[in-house]
Every structure is written in structure tokens, then in C-alpha cells.
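# Inside the fold
Listed below are the residues making up each chain.
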Amino acid sequence: MTSHQTAQTMKPATAAKKLGVYLEATPADFQEGVVSRTELNALQTEPPEWLQELRRNGPHPRPVVASKLGVSIAGLARGGVTEALTTEQIDALKSDNPEWLQKERATQAEVRKEAVRIKEKNAERAAQERKQGS
């Protein structure tokens, strides 16, 4: 019995998410087709001009916008940002530094600080358990 492998494919939305780009801004042939794992790897290692341009100037999907602004996706929504933004729009938001953005950045900093504290506490607990187990 011979086993032949079929190429693993994904929907364009999944591929766009993995590439960190806004699907609606990609070329029509990308949006309408399926993307194989091999094609995705090729796009990641040698991005074509359209992909480089999207990554550079956008529009960017909300997870990328949130990351560039240093806030959570929920923080974006609380700030009224529900659409994809270009790099220029993100830079304008950074320079305007509205009150909601300052607040969300502070919240995000607290969340990160708490995550570090919990991680350290768990590591300490694990070390004590190992010590008691020996």
C-alpha cells in the first residue's frame, strides 16, 4: 500500500493571519485561492513586493495595530479603533497620544507586570516542590 501525502492547505484568512497582514488589502488572487504550507513558507522567507508593502505601510490588522500601539485588542476597541489602520494612522495616534491610549498603555504595562510576578511566583513554588521532593 502506497501512501501519498496531500499538500496541507489553508484558507486565505488563516494565511493572512499567519503573515500578519489585513486580508482585505491582499491581492485578489490571494483572497480567492487557497494557500499551501509550502506557499506560506515561501511568502514568509521571500515576501513578494505586495507583502513587503503591506507589512511596511498597512493597512494592518487589529492585532498588529494593538502591538504597534502597545495596547491590547480590547483596549483598541475601548478606544474606538475597530478598523485596520495604516502605519501613517498609527504614527499619528502615537504622536497625538490621546487620553484613551495613555490609559490603555498603562493598563497593558500593569498586565505585563502582573504576568511576570505570577510567572516568578510559580517558578519559586516549583523550585520549593523540587526541593521538598528530593
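In this report, the structure presented in the accompanying data block is examined.

Rules behind the numbers
- Residues numbered from 1 in each chain as written.
- Predicted model: local features only at pLDDT ≥ 70, side-chain atom pairs only at ≥ 80, totals over all residues.
- Heavy atoms only, no water.
- Helix = DSSP H or I, 4+ residues; strand = E, 2+ residues; numbered from the N terminus.
- Contact = heavy atoms within 4.5 Å.
- Phe/Tyr/Trp six-rings, centres within 6.5 Å; stacked < 30°, edge-to-face > 60°.
- 1 Å grid on protein atoms, 1.4 Å probe; cavity = no way out; pocket = protein on both sides within 12 Å on 5 of 7 lines; lining within 4 Å.
- Points joined across faces, edges and corners; volume = space filled by probe spheres on them.
- Core = buried A, V, L, I, M, F, W, Y, C linked by side-chain atoms within 4.5 Å.
- Buried < 20%, exposed > 50% of the residue type's maximum accessible area, 1.4 Å probe, protein only.
- Salt bridge = Lys/Arg side-chain N within 4 Å of Asp/Glu carboxyl O.
- Polar contact = N/O pair within 3.5 Å; in protein donor to acceptor, adjacent residues only side chain to side chain.
- Axes fitted to C-alpha atoms, helices over the stretch in contact; angles between N-to-C directions.
- Parallel < 35°, antiparallel > 145°, perpendicular 65-115°, else oblique.
- Left-handed = near helix turned anticlockwise from the far one by under 90°.
- Nonpolar A, V, L, I, M, F, W, Y, C, P; charged D, E, K, R; others polar.

## Points about the environment of alanine 15
Along the polypeptide, alanine 15 turns up in helix H1 (residues 12-19). In this structure the C-alpha to C-alpha distance between alanine 15 and threonine 26, which are eleven residues apart in sequence, comes to 11 Å. Not counting residues up to four positions away in its chain, the partners in contact with alanine 15 are Met10, Phe30, Val35 and Leu40.

## Considerations on the packing of aromatic side chains
This model, assessed by the stated rule, comprises one aromatic pair. Relative to tryptophan 50, the ring of phenylalanine 30 has its centre 5.4 Å away and its plane inclined at 55°; by these criteria the two rings are tilted. Remark: tryptophan 50 occurs in helix H4 (residues 49-57) and phenylalanine 30 occurs in helix H2 (residues 28-32); sequence separation between them is 20 residues.

## Points about the layout of surface pockets
Any empty space left between the atoms is revealed when a probe the size of a water molecule rolls over them. Put simply, the largest pocket is a space of about 200 Å³. Forming the walls of the largest pocket are Ala13, Ala16, Lys17, Gly20, Val21, Tyr22, Leu23, Glu24, Pro61, Pro63 and Val64. Where the lining of the largest pocket is concerned, the elements lending two or more residues are H1 and helix H5 (62-69). Sort the elements by how many residues they give to the lining of the largest pocket and H1 lands first, with three residues.

## A word on the nonpolar core
Formed by Met10, Ala15, Ala16, Leu19, Val21, Phe30, Val35, Leu40, Leu43, Leu51 and Leu54, the largest nonpolar core amounts to eleven residues. Put simply, the parts of the chain that give this core at least two residues each are H1, helix H3 (37-45) and H4. Ranked by the residues each element gives to this core, the list is headed by H1, at three residues. What valine 21 contacts, discounting residues up to four positions off in sequence, is Ala16, Thr26, Leu51, Leu54, Arg55 and Pro61. Counting ten residues, the second-largest nonpolar core is a separate cluster that includes Val65, Leu69, Ile90 and Leu93.

## Some remarks on the pattern of salt bridges
Following the criterion strictly, the structure yields five salt bridges and no others. One salt bridge connects arginine 117 with glutamate 114, and the closest N-O pair in it is separated by 2.6 Å. Of the two residues, arginine 117 and glutamate 114 are both situated in helix H8 (residues 99-133); the distance of three residues between them amounts to about one turn of the helix. Each member of the salt-bridge network shares a partner with another, and the members are Glu49, Glu53 and Arg56.

## Concerning the side chain of glutamate 104
Topologically, glutamate 104 is positioned in helix H8. Polar contacts involving the side chain of glutamate 104 include one to the side chain of arginine 78, which spans 2.8 Å.

## Notes on the packing of H1 against H3
As a packed pair, H1 and H3 sit with axes 11 Å apart at the nearest point and diverge in direction by 30°. Here H3 runs roughly parallel to H1, going by the angle between their axes. The chirality of how H1 crosses H3 is right-handed. Residues Ala15, Lys18 and Leu19 of H1 form the contact with H3, whose participating residues are Arg37, Leu40, Leu43 and Gln44. Looking at side-chain class alone, the contact of H1 with H3 contains four nonpolar, one polar and two charged residues.

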